[in-house]
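Inside the fold
Here's the letter readout for the chains.
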Amino acid sequence: MLFCSFSGGVPGIGKTQLGIQLAINVQIPVKYGGLGGKAIYIDTEGSFMVERAQQIADACVNEIAYGAAVQREHFQPSEDRINANFFLANIFCFRVCSYTEQIAVVNNLDNFIASQDNIRIVIIDSITFHFRQHFEDLALRTRVLSSMVLKLMKVAKKYKLAVSLRNFCLSI
């Protein structure tokens, strides 16, 4: 699987919620139709809220139980060890506070993923946040961001995982 997605928009449109939803959904066990993987969430804006992730994870557990009931399958969350904490424990969240930290995290993704088992998605929310303020040289900013995206594509191909990028924009 090599899949890269990009979503952008004005504040409050649901970009972060979509990222959290992807981080939860990628973990749905294979026996319930999911990938049974783990997620990396790189948060540049401080918008990842554990409380919201908990709500989405709870809803996912309920949806798995409902789907199993509809298909007349036996589902015991405790037996399968599926609960909100199961989902939250498999999201590796990196809070980056500068563009240099963001570059460092992306540069070290290969090593981190190699040390983990079954990472299936990397989410960056938002890829350009730290690059909006500190780069007067637009050509340099473009080169740095392009280099970062190229590294993400290489990691995606090497480990057969998805990359999902979020971006803030005021107008198109």
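Structure: see above.
Each chain carries its own residue numbering, running from 1 in the direction its sequence is written. Predicted model: local features are reported for residues with pLDDT of at least 70 only, side-chain atom pairs are reported and counted for 80 or more only, and whole-chain, interface and lining totals are derived from all residues. As a rule here, side-chain values come from all non-hydrogen atoms in the structure, and water together with hydrogens is ignored.

Some thoughts on the packing of helix α5 (residues 99-115) against helix α6 (residues 138-159)
Keep this limit in mind: Fitted lines through C-alpha atoms serve as axes, helices being fitted only where they are in contact, and the angles separating the N-to-C directions of these axes extend from 0 to 180 degrees. By the criteria applied, helices consist of DSSP H or I runs no shorter than four residues and strands consist of E runs no shorter than two, each listed in order from the N terminus. Just so you know how the angles are binned, under 35 degrees is roughly parallel, over 145 roughly antiparallel, 65 to 115 roughly perpendicular, and the rest oblique. Should any heavy atoms of two residues lie within 4.5 Å, those residues are counted as being in contact. Residues are sorted three ways: Asp, Glu, Lys and Arg are charged, Ala, Val, Leu, Ile, Met, Phe, Trp, Tyr, Cys and Pro are nonpolar, and all the rest, Gly among them, are polar.
Closest axis-to-axis distance for the α5/α6 pair is 10 Å, and the angle between their directions is 10°. Comparing the axis directions of α5 and α6 gives the class roughly parallel. Only Val144, Met148, Lys151, Leu152, Val155, Lys158 and Tyr159 of α6 make contact with α5, whose side of the interface consists of Gln102, Ile103, Val106, Asn107, Leu109, Asp110, Ile113 and Ala114. Its residues assigned to classes, the contact of α5 with α6 shows 10 nonpolar, two polar and three charged.

Concerning the packing of aromatic side chains
Rules: Stacked, edge-to-face and tilted are the three classes for Phe, Tyr and Trp ring pairs, Trp counted by its six-membered ring, which pair at centre distances within 6.5 Å; planes under 30 degrees apart are stacked, over 60 edge-to-face, the rest tilted.
Applying the stated criterion across every chain, the model contains seven aromatic pairs. Ring centres of phenylalanine 92 and phenylalanine 112 lie 5.2 Å apart, and the angle between their planes is 80°; this geometry places the pair in the edge-to-face category. Of this pair, phenylalanine 92 sits in strand β3 (residues 91-95) while phenylalanine 112 sits in helix α5, placing them 20 residues apart in sequence. Between phenylalanine 94 and phenylalanine 112 the ring centres are 5.3 Å apart and the planes differ by 85°, which places this aromatic pair in the edge-to-face class.

A short note on the environment of methionine 153
Note the following rule: Think of it in three bands: with a 1.4 Å probe and only protein chains considered, a residue is buried below 20% of the maximum accessible area for its type, exposed above 50%, and partly exposed in between.
Positionally, methionine 153 belongs in helix α6. Assessed through its relative accessible area of 43%, methionine 153 is described here as partly exposed.

Here's the deal with the side chain of histidine 130
As for its position among the elements, histidine 130 is in the loop between β4 (119-125) and α6. In this structure, histidine 130 is in contact with Thr44, Val96, Cys97, Ser98, Tyr99 and Gln102, ignoring residues within four places of it in sequence.

Digging into unusual backbone geometry
The residue after aspartate 125, namely serine 126, is reached through a cis peptide bond having omega 0°. Turning to its location among the elements, serine 126 is positioned in the loop between β4 and α6. In this structure, asparagine 118 is a non-glycine residue whose phi angle is positive, near 70°. Turning to its location among the elements, asparagine 118 is positioned in the loop between α5 and β4. With a phi angle near 55°, lysine 160 is a residue other than glycine that sits in the positive phi range. Relative to the helices and strands, lysine 160 is located in the loop between α6 and β5 (162-168). The exposure class assigned to lysine 160 is exposed, which follows from its relative accessible area of 51%.

Concerning the pairing of strand β2 (residues 38-43)
Convention followed: Each pair of strands is called paired provided DSSP finds at least two bridges between the two strands.
Across the six residues of β2, five count as buried, placing the element largely inside the fold. Note: β2 against β4, six bridges, orientation parallel. Pairing of aspartate 43 across the sheet is with aspartate 125, part of β4. Where β2 and β3 come together, five bridges link them in parallel fashion.

Here we look at α5
Put simply, the test is: In this scheme, a helix's expected span is set at 1.5 Å multiplied by one less than its residue total. Two axes enter the bend calculation: one fitted to the seven residues ending at the residue in question, the other to the seven starting there, and the bend is the angle between them.
For α5, spanning 17 residues, the distance from its first C-alpha to its last is 24 Å, which sits close to the expected 24 Å at 1.5 Å a residue. Taking the largest bend as the criterion, α5 deviates by roughly 50°, centred on leucine 109. Buried within α5 are the following residues: Gln102, Val105, Val106, Leu109 and Ile113. On its buried face, α5 is in contact with β2, β3, β4 and α6.

Side note on α6
Every α-helical turn comprises 3.6 residues, leaving residues that sit three or four positions apart pointing alike. The test is simple: The directions from the helix axis to the C-beta atoms are what the arc is built from. Counting of polar contacts relies on pairs of N or O atoms within 3.5 Å, with two restrictions inside protein: one atom must be capable of donating a hydrogen and the other of accepting it, and residues adjacent in sequence are counted only when both atoms are side-chain atoms.
In this model α6 runs 32 Å from its N-terminal to its C-terminal C-alpha over 22 residues, within 8% of the 32 Å that 1.5 Å per residue would give. Taken together, the buried positions of α6 are Val144, Leu145, Met148, Leu152, Val155 and Ala156. The buried residues of α6 occupy an angular sector of 115° when the element is viewed end-on, so they sit on one face. Turned more than 90 degrees away from the buried face of α6 sit Arg143, Lys154, Lys157 and Lys158, all of them exposed. Tucked into the core, α6 has its buried residues touching α5, β4 and β5. Measuring from the side-chain oxygen of the N-cap residue of α6 to the backbone nitrogen of alanine 139 gives 3.1 Å; that N-cap residue is aspartate 137. Downstream of α6 by one or two residues, lysine 160 has phi in the positive range, about 55°.

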